[in-house]
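Chain by chain, the residues:
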Amino acid sequence: MLNGKRILLIIAGGIAAYKCLELIRRLKERGATVRCILTKSGAEFVTPLSVAALSEHKVYQDLFSLTDESEIGHIRLSREADLLVVAPATANILAKMAHGIADDLATTCLMATDKPVMMAPAMNGRMWSHEANQENIQRLESRGIIRIGPNTGEMAERGEAGVGRLAEPMEILVEIENFFRFANRLNGKHVLVTSGPTYEPIDPVRFIANRSSGKQGHAIARALHRMGAATTLVSGPSAEPDPFGVNVIHVETAQQMFDACKSALPADVAVCAAAVADWRIKQPAAGKIKKNAKNKPPQLVLAENPDILAQLSKPGGQRPLLVVGFAAETENVIEQARMKRERKQCDWIVANDVSEANGGAFGTDDNAVHLITADHEDSWPRSSKVSVANKLALCIADHLDAAS
Ligand code: PMT
């Protein structure tokens, strides 16, 4: 899988640094060339000798080493790689990356690179959830840095558990392999993704909405962009950061989402993951509806919203080559989704069981889905929404390859 790929692994100072030795071994087994930078604190946890022995390369540690700089300058070191991986990424190195501090070889390479960067954070649970760290993570992700983990479990500190464990070497490896598997497969394609809820105003301060967070739709946009597609994301209100490199159009209502989707055409593929309100208030009040003792509760008269998925799926005109809908169901999930696919005339439908009894799908970090096409059905076990997105993006790329 990784034959000929050049990885620059930056090992920072955390107790989990020992796991990098296993990661280097696995990367080498798969044919990658691995060069390593060991930070000063990284060297407190693993020795340069073991890193050099496993990577079969010199280990780089010092920004001001005359021999290293004359052999391969730090700019070349960071640019000759196909991918930079920071593991373990401590709170300290993440903060430096987020704020552009370049005070050692590792951070200087991270600033000087023009290559994609992955980070696998590892730290104490309290440090992980600290606002400063969370802001740094958001900032880095919004720049396109790919995050792996951290996992949940026991911490190095006796008796402490939580989020902050370094992802396992095999998990990091799979992400690295996926990265190369994905790269450039959708070059030259334009994909349109809808995500999040819609807000339908009742009056200037109240609205009807649903519990969609945008996590699934945004992950799909990110996965498709990473495969090289020019990606337009039409998003309802969501706390998710705009995916890096994606053209994001922010909307509130179903009508605005519909208009934005139409104006984004033509597209090769459309994926409708948004939870669009089926109805809106026929005539939202111009001013805030007052509540007083004499008033009866207002009667809300609803009107039907445009069905974006059905409209995009209409044959002829600018219909995308592949239209994928989602179906949020609480019972007879597969059967209902099959009928929805036929009714709305989309090519594929991704059905998710949104009932709480099954773990739900709205707002969660993971999802269990069924992919339903005209001639086959496939059930994917519950996994992270990022994995669902990656898998769907791969199916889309395979389908376009087969169709061309
Ligand atoms: O955002 P998250 O918190 O991550 O949750 C993800 C999700 C549960 C919202 C997502 O996985 C999902 O199921 N999205 C579709 C939700 C939905 O509205 O399902 P539906 O069965 O009501 O609609 C079927 C399809 O028609 C969907 O593709 C929807 O985008 C589309 N639709 C619906 C109504 C409408 N007026 N226009 C549409 O395009």
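This text follows the structure it describes.
Structural notes, computed from the coordinates. Only a predicted model underlies this, so the values are computations on that prediction, with no experimental measurement involved.

1. Examining the sheet that holds strand β12 (residues 230-235)
In spatial order, the strands read β13-β12-β9-β14-β17-β18-β19-β20; together these eight strands make up an open sheet with mixed pairing. Two strands lie at the open edges of the sheet, namely β13 (247-250) and β20 (377-384), each paired on one side alone. For this sheet the average axis-to-axis angle between neighbouring strands, irrespective of direction, equals 15°. Each of β9 (190-195), β12, β14 (269-272), β17 (322-329) and β19 (366-372) is contacted by helix α10 (residues 215-226), which is oriented at about 165° to β9, the strand it contacts most.

2. As for the site of the ligand
Surveying the vicinity of the ligand reveals 28 residues, the closest of which are Ser213, Ala274, Lys340, Asn352 and Gly363. Interatomic distance of 2.8 Å between a backbone N/O atom of Gln216 and an oxygen atom of the ligand. Within the residue set of the shell around the ligand, elements represented by two or more residues are α10, α12 (308-313), β17 and α13 (333-344). Ranked by the residues each element gives to the shell around the ligand, the list is headed by β17, at four residues. Residues of the shell around the ligand, tallied by class, amount to 14 nonpolar, eight polar and six charged.

3. Considering the side chain of Ser235
Note that Ser235 resides in strand β12. Note on Ser235: relative accessible area 1%, which makes it buried. Contacts of Ser235, omitting those with residues within four sequence positions, involve Ser195, His218, Val248, Ile249, His250, Val251 and Met257.

4. Topic: the pairing of β14
In β14, alternate side chains face the same way, and those of Val269 and Val271 on one face and Ala270 and Cys272 on the other are all buried. Bridge count for β9 against β14 is four bridges, and the pairing is parallel. Following the sheet pairing, Thr194 is matched in β14 by Cys272. As defined by bridge partners, β14 adjoins β17 across four bridges and the pair is classed as parallel.

5. Here we look at the nonpolar core
Counting 33 residues, the largest nonpolar core has Ile220, Leu224, Val271, Leu392 and Ile396 as its most contacted members. Broken down by secondary-structure element, the contributors of at least two residues to this core are β9, α10, β14, β17, β18 (348-353), β19 and α14 (385-403). Sort the elements by how many residues they give to this core and α14 lands first, with eight residues. Apart from the residues lying within four places of it in its own chain, the contact partners of Ile220 are Val193, Val271, Ala273, Phe326, Ala389 and Leu392. One finds Ile7, Leu23, Val51 and Phe180 within the second-largest nonpolar core, a separate group that totals 32 residues.

6. Structural notes on the packing of helix α5 (residues 91-99) against helix α8 (residues 131-142)
Contact geometry for α5 and α8: axes closest at 9 Å, N-to-C directions at 50°. Here α8 runs oblique to α5, going by the angle between their axes. In the packing of α5 onto α8, the handedness of the crossing is left-handed. Taken together, the residues of α8 that come into contact with α5 (itself represented by Ala91, Leu94, Ala95, Met97, Ala98 and His99) are Asn133, Asn136, Ile137, Arg139 and Leu140. Taken together, the residues of the contact of α5 with α8 break down into seven nonpolar, three polar and one charged.

7. Focus on the side chain of Asp353
Within the secondary structure layout, Asp353 lies in strand β18. With no salt bridge to any partner, buried Asp353 finds its closest opposite charge in Arg382, at an N-O distance of 7.5 Å. Side chain to side chain, Asp353 and Ser355 meet in a polar contact 2.7 Å long. Once you skip the residues sitting within four places of it in the chain, Asp353 turns out to touch Glu329, Thr330, Val333, Asn358, Gly360, Ala361 and Ala368.

8. Points about α10
Along its 12 residues, α10 runs 16 Å from first to last C-alpha, staying within 8% of the 16 Å computed at 1.5 Å per residue. Among the residues of α10, Gln216, Gly217, His218, Ala219, Ile220, Ala221, Ala223 and Leu224 are the ones counted as buried. Downstream of α10 by one or two residues, Gly228 has phi in the positive range, about 105°.

9. Details of helix α11 (residues 254-264)
The set of residues buried in α11 consists of Ala254, Met257, Phe258, Ala260, Cys261 and Ala264. The buried residues of α11 all sit within an arc of 165° when viewed along its axis, so they share a single face.

10. A closer look at the packing of helix α1 (residues 19-29) against helix α2 (residues 48-55)
Their axes nearest at 9 Å, the elements α1 and α2 cross at an angle of 15°. Between α1 and α2, the angle is such that the two are roughly parallel. For the pair α1 and α2, the crossing hand works out as right-handed. Residues Leu21, Ile24, Arg25 and Lys28 of α1 touch α2, and the partners they reach there are Ser50, Val51, Leu54 and Ser55.

What counts and what doesn't
- Residues numbered from 1 in each chain as written.
- Predicted model: local features only at pLDDT ≥ 70, side-chain atom pairs only at ≥ 80, totals over all residues.
- Heavy atoms only, no water.
- Pairing = 2+ DSSP bridges.
- Helix = DSSP H or I, 4+ residues; strand = E, 2+ residues; numbered from the N terminus.
- Axes fitted to C-alpha atoms, helices over the stretch in contact; angles between N-to-C directions.
- Contact = heavy atoms within 4.5 Å.
- Near = heavy atom within 4 Å.
- Polar contact = N/O pair within 3.5 Å; in protein donor to acceptor, adjacent residues only side chain to side chain.
- Nonpolar A, V, L, I, M, F, W, Y, C, P; charged D, E, K, R; others polar.
- Buried < 20%, exposed > 50% of the residue type's maximum accessible area, 1.4 Å probe, protein only.
- Core = buried A, V, L, I, M, F, W, Y, C linked by side-chain atoms within 4.5 Å.
- Parallel < 35°, antiparallel > 145°, perpendicular 65-115°, else oblique.
- Left-handed = near helix turned anticlockwise from the far one by under 90°.
- Lys, Arg positive; Asp, Glu negative; His and termini not counted.
- Salt bridge = Lys/Arg side-chain N within 4 Å of Asp/Glu carboxyl O.
- Expected span 1.5 Å × (residues − 1).
- Arc of directions from axis to C-beta.

Structural measurements only, silent on function.
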